[in-house]
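# Working through the structure, step by step
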Amino acid sequence: MTKFSDLTRLPDAQGHFGPYGGRFVSETLSFALEELEKVYMSLRDDADFQAEFDRDLAHYVGRPSPLYHAERWSEKIGGAQIWLKREDLNHTGAHKVNNTIGQALLAKKSGKPRVIAETGAGQHGVATATVAARLGLKCEIYMGAEDVERQKLNVYRMRLLGAEVHPVESGSRTLKDAMNEALRDWVTNVDDTFYIIGTVAGPHPYPAMVRDFTAVIGREAREQSLAQIGRLPDALVACVGGGSNAIGLFYPFLEDEDVAMVGVEAGGDGVETGRHAAPLTANAPSGVLHGNRTYLMSDASGQVSDTHSISAGLDYPGVGPEHALWKDVGRVSYVAANDDAVLEAFRELTRVEGIMPALESAHALAHAKVMAASMRPDQHIVVNLSGRGDKDIHTVAKLDGLEF
Amino acid sequence: MTMNRIDQRFAALKAQSRRALIPYITAGDPAPQYTVGFMHACVEAGADVLELGVPFSDPMADGPVIQKACERALKHGTRLADVLDMVASFRETDSTTPVVLMGYLNPIERMGYEAFVRRARDAGVDGVLMVDMPPEEATAIAPLFAEYGLQSIFLLAPTTSSTRAATICAHGEGYLYYVSLKGVTGAASLDVEAVARQLAPLREMTDLPLCVGFGIRDGETAAAVGRVADGVIVGSALVSRIAENAERPEAIPAALKAVLGDMRDALDR
């Protein structure tokens, strides 16, 4: 049995989290990844770099984000107290900006004038276009053609910010295909381009690097819990697509063994229907995609499966390799929330607390509601409200039969 | 143990001072029943080694031409197991031409390493080149390859550092696949001068044949690269012919032979 304290010492030198992770890339990218690893390792303990990062988080992103006691919603559920870590209040409206600030600083330090990114819901694309605008970097975003259609508002936002958005027509036309296309761009333009990956997946050092940039969420939440609750919470809940917001919240609590952690994947129409994006919950076999080994939804012959979720940001067949290990060692439990429960949570938080969550974050809310109901009022759950729901108004309106 | 077909073939080419012509086609494109015929057509046109692509849903290192080939093959449900059957069928009438499987790791991960190496050997596969499996990630499968007589073919790129090149040369078998340019398959044109410069230091590190792929489109580029390399690998130029003729597959063998015949002549001139 792995001791939980050992988990904080991963990945190993080759980027492995137990059997997961690694650097499964074509040779042309190996050098770029070695360079990135070197730059990152030299800067992550560099006081000046950290100070610059912290300054940007404070004055540009608006951190710390509040930990908000959703009293009215908690009362309505009638169980545990629910606290929301308000990443939706960050500049650009989601947790993604924490990571893009960090990676854009690295791009600048590496002297790369051009950044590229993949995006699903568009939040990471917006966060990347935002920091690129601020640093004067050329920015190109790859987005699945289907997601371009369901997230028109974010596409226009990115264009206003000066980014070029490329709809990706290949494969299933969603997040995984956008990542394929971004990798193809990178391999072609590797000399002058920095690839800002938006989640804790991809080849080493991305999973570790994105985790480190995002872990500010959990560090704050831990301090805020001690100050506002007077102790650590009983449970943490976050949605998991690639898993960056969940890792950001969970990582600083890993060694707090009394804090339960639950990652909520996209159940789509229900895991039992096969139309979902929940590789961990469904116990998908391990596989290799986008540079790392992880739980991966693929058919018996190894072709990557099409996924389904109401939220574009969770519509991904794999998951960050560190989550895969956390599942195996039992540190975190992973469940799925189905589309209809997610919509219900979206509407309920909006009406009861006046906070409109992103559909991604509403997965965490949907499960927190179930958990809270079976807990006592003197127990506490911290939910990562990873993004705000403005971008999803069109999706929800469409379900209500409205078109704008 | 007998010498691997790849080593035999390169030894014979060396004795004749000839360059290897290595075509790539995607198995199952445009439909599975044609692939074995295409393989034989390539050999008749002068191919020395065959690279047979295993179709994959997410071919991250490939340009649009081979992406679409994968899509056509997958539409007909071409699986890794089917590709191995094609090799076995090819072997019924050709026991000498080396066959290298090329593709991405996930289908092999799903089949399982043990099952894969056993079935690949039984089918008559000689080498395996997985684009997303550099030597560092091949440590688990390498001993199985050795046990089952399969050779690991690795890539080298213009961006490969000399330290990495030494590692790759140490782990590589059969031949080394030098990627001529930064980009995906089917990308623009290669710079023969640059390739020559980059191959020179590799010669100091290894005795393995150095074959060059990416950007070889006709007899002229093949001949130019053949002057500095031990072999040329041609993929997208062939797969484009398959795509153009996807609706009349009976015309494809002649189309493949026309491209390869020009290259063979140019290389041997």
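Residues numbered from 1 in each chain as written. Chains lettered and ligands numbered in written order. Predicted model: local features only at pLDDT ≥ 70, side-chain atom pairs only at ≥ 80, totals over all residues. Heavy atoms only, no water.

## Focus: the pairing of strand E12 (residues 286-289) of chain A
All names here are of chain A. Here is the rule we go by: When DSSP finds at least two bridges between two strands, those strands are taken to pair. Strands are runs of DSSP state E lasting at least 2 residues, helices are runs of H or I lasting at least 4, and numbering of each runs from the N terminus.
In this structure, E12 lies alongside strand E13 (residues 291-295), joined through four bridges in antiparallel fashion. Bridge assignment links Val-288 to a residue of E13, and that residue is Arg-293. In textbook terms, the turn of a hairpin is the stretch between consecutive antiparallel strands, and for E12 and E13 this stretch comprises one residue, one of which, His-290, has a positive phi near 55 degrees.

## As for the sheet that holds strand E5 (residues 151-152) of chain B
Residues and elements named next belong to chain B. Rules: Contacts: residue pairs with any heavy atoms within 4.5 Å of one another. To get an axis, fit a line to the C-alpha atoms, keeping to the stretch in contact for a helix; angles then go from 0 to 180 degrees between the N-to-C directions.
One open sheet holds the nine strands; their spatial order is E5-E4-E3-E2-E1-E9-E8-E7-E6, and the pairing between them is parallel. Among the strands making up the open sheet, the edge pair consists of E5 and strand E6 (154-156). Two strands pair when backbone bridges link them, and strand E1 (residues 20-26) and strand E9 (residues 231-234) are joined in this way by four bridges, in the parallel orientation. Within E9, the residue paired with Leu-21 across the bridge is Val-232. Of the strands in this sheet, E6, strand E7 (176-179) and strand E8 (210-213) touch helix H9 (residues 192-205), which is tilted by about 155 degrees from E8. Strands in contact with helix H12 (residues 252-268) are E1 and E9; relative to E1, the strand with the most contacts, it is inclined by about 160 degrees.

## Digging into the side chain of Ser180(B)
Residues and elements named next belong to chain B. Under the convention used in this document: For every residue, the accessible area (1.4 Å probe, protein chains only) is compared with the maximum for its type, and the residue is labelled buried under 20%, exposed over 50%, or partly exposed between those bounds. Each polar contact in these results corresponds to two N or O atoms within 3.5 Å; when the atoms are within protein, one needs to be able to donate a hydrogen and the other to accept it, and residues that are neighboring in sequence are counted only if both atoms are side-chain atoms.
Mapped onto the secondary structure, Ser-180 falls in the loop between E7 and H9. Relative accessible area serves as the criterion here: at 7%, Ser-180 is assigned to the buried category. Reaching out from Ser-180, the side chain makes a polar contact with the backbone oxygen of Phe-214 at a distance of 2.5 Å.

## Examining the interface of chain B and chain A
Under the convention used in this document: By buried area we mean the combined loss of accessible area, with a 1.4 Å probe, across both parts when two parts are placed together. By convention in these notes, a salt bridge is any Lys or Arg side-chain nitrogen within 4 Å of a carboxyl oxygen on Asp or Glu. Residues are grouped as follows: Ala, Val, Leu, Ile, Met, Phe, Trp, Tyr, Cys and Pro are nonpolar; Asp, Glu, Lys and Arg are charged; all remaining types, including Gly, are polar.
The interface of chain B with chain A comprises 35 residues on the first partner and 39 residues on the second. For the pair chain B and chain A, the summed buried surface comes to about 2,900 Å²; carbon and sulfur atoms form 49% of the total. Applying the counting rule to chain B against chain A returns five salt bridges. In this structure, Glu34(A) engages Arg164(B) in a salt bridge whose closest nitrogen and oxygen atoms are separated by 3.3 Å. Here chain B is connected to chain A by 22 residue pairs in polar contact (both at pLDDT 80 or more). The dominant element in the side of chain B that touches chain A, judged by the number of residues it contributes, is helix H5 (residues 106-111) of chain B, at four residues. A breakdown of the residues in the side of chain B that touches chain A according to their chemical character gives 17 nonpolar, eight polar and 10 charged.

Spatial relationships are all this shows, so hold off on functional conclusions.
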